[in-house]
Amino acid sequence: MIQGLEKRYKNGVKAISGVDLEIASGEFFAILGPNGAGKSTLINIVAQVVSKSAGTVEVFGVSIDRHPQEAKMLLGFTPQEVALDPFFTVLEVLQNHSGYYGLAHNQEWIATIMQRLGLEACALRTGRQLSGGMKRRLSIAKALVHRPKLLILDEPTAGVDVALRHALWAFIRELHALGTTILLTTHYLEEAQQLAGRVAILRDGAVVACDRTEQLLRRFGTRRFEVVVTEDSVGLPFEGCQRSSDGKRIVGEFCWEQSASLFAWLSQEGERLEDVRITEASLEEVFLRLTE
Ligand code: ADP
């Protein structure tokens, strides 16, 4: 739970102003926003990598002010910048990191996450021998060594190729299905639309929309319709849509609620439908509408 969160950096930049967010246990939550909106700052504060200026943050009810260590144990964090020791092997990194959480016998779980993240073949490679994609996988593996209840991912698929992106999505989905709460920031709106149950859109450090993904699409998105009728006629169901010159095609953009009225109107007018094409609203369009 995040309440009244504020962050002003030393240089005077106000990165977060008055953010309240409540994320339920087991949710898959995405934070979207243009560059500089404050996404990284927000999740860095939750992960205790950046200090806040004001407000409260609780992780599963544990305050990061009163019980910082306990709160830290509950979450795993994959920062945007992958910083790995160049001289340790993948296996050593994961063993050392387990040690940090006081887990001496973690081999079985380490083997599982390496396998699921396709890191097995690189187990004995050092950080500097890893490709960018492998570093990203290792960074996610590190965040998971202590089986956190909350996994925070800052742009997990930025700069990774399509195949790896889909592999990571599948794995993150699986973790979510097993009960892990997921909080991620992403630039890929398609990613948020496909994965997240709920989305917050951040602009200039404030939440401009926060809702279930399909609710956002309903509220702010438009469906594009093209209706082909068998007879040429002249009526129009709504302002803003158009008839083609032969009268047989009605093209327009309708919000969710209007789509039902469109079909009611067509039937009332006795228009016989030959074809209907619908382009669904996308989160990208909602995002642009709310952030531009
Ligand atoms: P996003 O992740 O949405 O791109 P950030 O949280 O990185 O946004 O940045 C929010 C604002 O805070 C930006 O104006 C950025 O320049 C500023 N900012 C981020 N990190 C720092 C820092 N360490 N010191 C000063 N300003 C920062």
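Student: Help me understand the layout of surface pockets in this model?
Tutor: Where empty space is left becomes clear once a probe the size of a water molecule has been rolled over the atoms. By volume, the largest pocket is sized at about 330 Å³. Among the secondary structure elements, those contributing two or more residues to the lining of the largest pocket are β6 (75-78), α3 (90-100) and α5 (132-144). Tallied by class, the residues present in the lining of the largest pocket amount to 11 nonpolar, four polar and three charged. Approximately 250 Å³ is the volume found for the second largest pocket.

Student: Is there a simple way to think about the site of the ligand in this case?
Tutor: Taken together, Y9, N11, V13, A15, P34, N35, G36, A37, G38, K39, S40 and T41 make up the full set of residues near the ligand. In the model, an oxygen atom of the ligand is placed 2.7 Å from a nitrogen or oxygen of the G36 main chain. At 2.9 Å, a backbone N or O of G38 approaches an oxygen atom of the ligand. In the complex, the protein chains occlude 61% of the 560 Å² of accessible area that the ligand would expose alone. Of all the elements, helix α1 (residues 39-46) adds the most residues to the shell around the ligand, at three residues.

Student: Would you explain a nonpolar patch on the surface in this entry?
Tutor: Judged by side-chain polarity, F263, L273 and I278 come together as a nonpolar surface patch covering roughly 240 Å² of accessible area. Summarising the element assignment, F263 is placed in helix α9 (residues 256-268).

Student: Would you mind going over the nonpolar core with me for this structure?
Tutor: For soluble globular proteins, the rule of thumb is that nonpolar side chains tend to be buried together. With 50 residues, the main nonpolar core has I201 and L283 as its most contacted residues. If sequence neighbours within four positions are ignored, L283 has contacts with L32, L189, A192, Q193, V199, T213, L216 and L217.

Student: What is the right way to read the packing of helix α8 (residues 213-220) against helix α10 (residues 283-291) from this model?
Tutor: When two helices pack together, their arrangement is given by the angle between their axes and by how far apart the axes lie. At their nearest, the axes of α8 and α10 sit 9 Å apart, and the two run at 65° to each other. Seen from above, α8 lies across α10 with left-handed handedness. Along the contact surface, α8 presents T213, L216, L217 and F220, while α10 presents L283, E285, V286, R289 and L290. Its residues placed into classes, the contact of α8 with α10 shows six nonpolar, one polar and two charged.

Student: Explanation requested: the packing of aromatic side chains in the structure shown.
Tutor: For any pair of aromatic rings, the description consists of the separation of the ring centres together with the inter-plane angle of the planes. According to the stated counting rule, one finds one aromatic pair in the structure shown. On the basis of an interplanar angle of 85° and a centroid distance of 4.9 Å, the ring pair of Y100 and Y101 is categorised as edge-to-face. Geometry around W109 places R147 over its ring, the cationic atom sitting 4.3 Å from the centre. Directly above the aromatic system of F60 lies the positively charged group of K149, at a separation of 4.2 Å from the ring centroid.

Student: What's the story with the environment of E155 in this structure? I'm lost.
Tutor: With respect to the element layout, E155 can be found in the loop between β7 (150-154) and α6 (162-177). Exposure remark for E155: the relative accessible area of 3% places this residue in the buried category. Spatially, the C-alpha atom of E155 lies 5.8 Å from that of Q80, the residues being 75 residues apart in sequence. The contact partners of E155, leaving out residues within four places of it in the chain, are K39, Q80, R136, T185, T186 and H187.

Student: I tried to follow the pattern of salt bridges on my own but got confused; where do I start?
Tutor: Pairs may arise between side chains of opposite charge once their charged atoms sit close together. All chains considered together, the criterion is met by nine salt bridges. D65 serves as the salt-bridge partner of K52, at 2.8 Å between the closest nitrogen and oxygen. Linking K52 in the loop between α1 and β4 (54-59) with D65 in the loop between β5 (62-63) and α2 (68-73), this pair joins segments that are 13 residues apart in sequence. Judged by relative accessible area, which is 48%, D65 ranks as partly exposed. When the shortest N-O distance is used, the salt bridge between D275 and R277 registers 3.2 Å. Members of the salt-bridge network, linked through shared partners, are E226, R249, D275 and R277.

What counts as what
Starting from 1, residues in each chain are numbered consecutively following that chain's sequence as written. The predicted nature of this model means local features are confined to residues of pLDDT at least 70 and side-chain atom pairs, given and counted, to a pLDDT of 80 or more, with totals for whole chains, interfaces and linings taken over all residues. Remark: hydrogens and water are excluded; side-chain values derive from all non-hydrogen atoms of the structure. In the cavity and pocket records, a cavity denotes points on a 1 Å grid over the protein atoms alone where a 1.4 Å probe fits but cannot get out, a pocket denotes an open set with protein on both sides within 12 Å along at least 5 of 7 lines, and lining residues are residues with an atom within 4 Å of a point. Grid points are joined across faces, edges and corners, and a volume is the space filled by probe spheres set on the points. Counting from the N terminus, the helices are DSSP H or I runs at least four residues long and the strands are E runs at least two residues long. Three residue categories are used. Nonpolar comprises Ala, Val, Leu, Ile, Met, Phe, Trp, Tyr, Cys and Pro, charged comprises Asp, Glu, Lys and Arg, and polar comprises the others, including Gly. In this text, near means that some heavy atom of the residue lies within 4 Å of the molecule or strand in question. Polar contacts, as counted here, are pairs of nitrogen or oxygen atoms within 3.5 Å of one another; within protein the pair requires one atom able to donate a hydrogen and one able to accept it, and residues that are adjacent in sequence qualify only if both atoms are side-chain atoms. To be clear on the numbers: accessible area is Shrake-Rupley with a 1.4 Å probe, and residue cover counts the displayed protein chains and nothing else. Patches here: salt-bridge-free residues with over 30% relative accessible area, like charges joined within 9 Å, nonpolar side chains (Val, Leu, Ile, Met, Phe, Trp, Tyr) joined within 5 Å. By definition, a salt bridge exists where a carboxyl oxygen of Asp or Glu is found within 4 Å of a side-chain nitrogen of Lys or Arg. As used in this record, nonpolar core signifies buried Ala, Val, Leu, Ile, Met, Phe, Trp, Tyr and Cys residues forming a set joined through side-chain atoms within 4.5 Å. Relative accessibility decides the category of a residue: with a 1.4 Å probe and only protein chains considered, values under 20% of the type maximum give buried, values over 50% give exposed, and everything between is partly exposed. By definition, residues are in contact when any of their heavy atoms lie within 4.5 Å. Axis definition: a line fitted to C-alpha atoms, over the contacting stretch in the case of helices. Angles run 0 to 180 degrees between N-to-C directions. It is the rotation of the near helix from the far one that decides the hand of a crossing: anticlockwise by less than a right angle makes it left-handed, clockwise makes it right-handed. In summary, the pairing rule links any two rings of Phe, Tyr or Trp, Trp by its six-membered ring, whose centres are within 6.5 Å, and it sorts them by plane angle into stacked for under 30 degrees, edge-to-face for over 60 and tilted for everything else. To sit over a ring, a charge needs its Lys NZ or Arg CZ within 6 Å of the ring centre and within 35 degrees of the ring normal.

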